[in-house]
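Secondary and tertiary structure notes
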Amino acid sequence: NALDTFAVSVALDWVMILCGMAAIYVKQRSTDFTHQGAAPIKCVGCSNTHAIVWVLFSIATLFFVALLYRLIFIGERSTLELDKKLAYRRLLLFVMITWTGFPVLWFFSDKGFALIASDWEVLLYVVLDVVAKVGFAVHLLYESRSLRLKKALAYQEDVAKVNVRTDSAPEDGAASLSSGRQSALTSSSSKQRKQARKERLTQQAKQLEKVGYD
């Protein structure tokens, strides 16, 4: 169900984040010990620090891939309308692109292969945070507004069709009847049928209006 799906996705996200934080902590602990100046402080486990950091990074990456796969699986298995499913795919693509920037930046930072300076690392992390969070919120609002506009246009088209049907309703149904039955119908019964038809069409218009407001 929806609650289980949400719980599993959150769990994958938290494990990914915690593994990344643990890798940073191990790397920073090793750096703090090796920069104590002339003090003969022994760094316990520093010889294995590099391997531990990359193991934690690999675990975090695996959970990241699992989370993205689950988000894709949820979207494809959902019973959403076509417009909503397309909007979900566009949001998911935005998330995949922006979130992928974090492990890539970590890979090139001093925690990984140290190919970029620490100052640039901090700046790029700030930019990624802004793009990933604020950008996602803006994109979500845009998609929500687009869906509301499409729903309103569809509602207006349905109401217009009902109005056309109401305006083009025949004055009576006598033209389609045989001449013998036409002579048996009175003007009062014709008006009653016309009124009943208009009432049905009016009821349909009210139902469509209610759907449009919802």
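Placed above this text is the structure.
A brief look at the structure comes next. (Residues numbered from 1 in each chain as written. Predicted model: local features only at pLDDT ≥ 70, side-chain atom pairs only at ≥ 80, totals over all residues. Heavy atoms only, no water.)

**Description of helix α2 (residues 49-77)**
Along an α-helix, residues three or four positions apart point the same way, because every turn accommodates 3.6 residues. Selection rule: Strands are runs of DSSP state E lasting at least 2 residues, helices are runs of H or I lasting at least 4, and numbering of each runs from the N terminus. Expected helix span is taken as 1.5 Å per residue step, with the number of steps being one fewer than the number of residues. We call a residue buried when its accessible area falls under 20% of the maximum for its residue type, exposed when it is over 50%, and partly exposed in between, using a 1.4 Å probe and counting protein chains only.
Under the 1.5 Å per step criterion, the end-to-end length of α2 is 42 Å for 29 residues, consistent within 8% with the ideal 42 Å. Listed in full, the buried residues belonging to α2 are Thr49, Val53, Trp54, Leu56, Phe57, Ala60, Phe64, Leu67, Leu68, Leu71 and Gly75.

**What to know about the nonpolar core**
Definition in use: Residues belong to one nonpolar core when they are buried, are Ala, Val, Leu, Ile, Met, Phe, Trp, Tyr or Cys, and are joined through side-chain atoms within 4.5 Å. Contacts: residue pairs with any heavy atoms within 4.5 Å of one another.
Residues Ala23, Val53, Trp54, Leu56, Phe57, Leu105, Trp106, Tyr125 and Leu128 constitute the largest nonpolar core, which totals nine residues. Every element with two or more residues in this core is listed here: α2, α3 (82-108) and α4 (118-167). Examining the composition of this core, we find that four residues originate from one element, α2, more than from any other. If sequence neighbours within four positions are ignored, tyrosine 125 has contacts with Phe102, Leu105 and Trp106. Among the nonpolar cores identified, the runner-up in size contains five residues, and Met16, Cys19, Ala60 and Leu68 belong to it.

**Topic: the packing of α2 against α3**
This is how it is decided: Each axis is a line fitted through C-alpha atoms, taken for helices only over the stretch in contact, and angles between the N-to-C directions span 0 to 180 degrees. Just so you know how the angles are binned, under 35 degrees is roughly parallel, over 145 roughly antiparallel, 65 to 115 roughly perpendicular, and the rest oblique. All amino acids are sorted into three groups, where Ala, Val, Leu, Ile, Met, Phe, Trp, Tyr, Cys and Pro are nonpolar, Asp, Glu, Lys and Arg are charged, and the leftover types, Gly among them, are polar.
Their axes nearest at 10 Å, the elements α2 and α3 cross at an angle of 175°. Compared by their axis directions, α2 and α3 come out roughly antiparallel. Counting all contacts with α2, which are made through Val53, Trp54, Phe57, Phe64, Leu67, Leu68, Leu71, Ile72, Ile74, Gly75 and Glu76, the residues of α3 involved are Lys85, Tyr88, Arg89, Leu92, Met96, Trp99, Thr100, Pro103, Trp106 and Phe107. Considering only residue class, the contact of α2 with α3 consists of 16 nonpolar, two polar and three charged.

**With respect to the packing of aromatic side chains**
Basically, it comes down to this: Put simply, two rings from Phe, Tyr or Trp (the six-membered ring, in Trp's case) pair if the centres are within 6.5 Å, and we call them stacked under 30 degrees between planes, edge-to-face over 60, tilted for the rest.
One pass over the full model with this rule turns up nine aromatic pairs. An angle of 75° between the planes, with centres 5.6 Å apart, marks the rings of tryptophan 54 and phenylalanine 107 as edge-to-face. Highlighted residues: tryptophan 54 in helix α2 and phenylalanine 107 in helix α3, separated in sequence by 53 residues. Look at tryptophan 54 and you get buried, because its relative accessible area is 16%. Cluster of aromatic residues (ring-pair linked, three or more members): Trp54, Phe57, Trp106, Phe107, Phe108 and Phe113.

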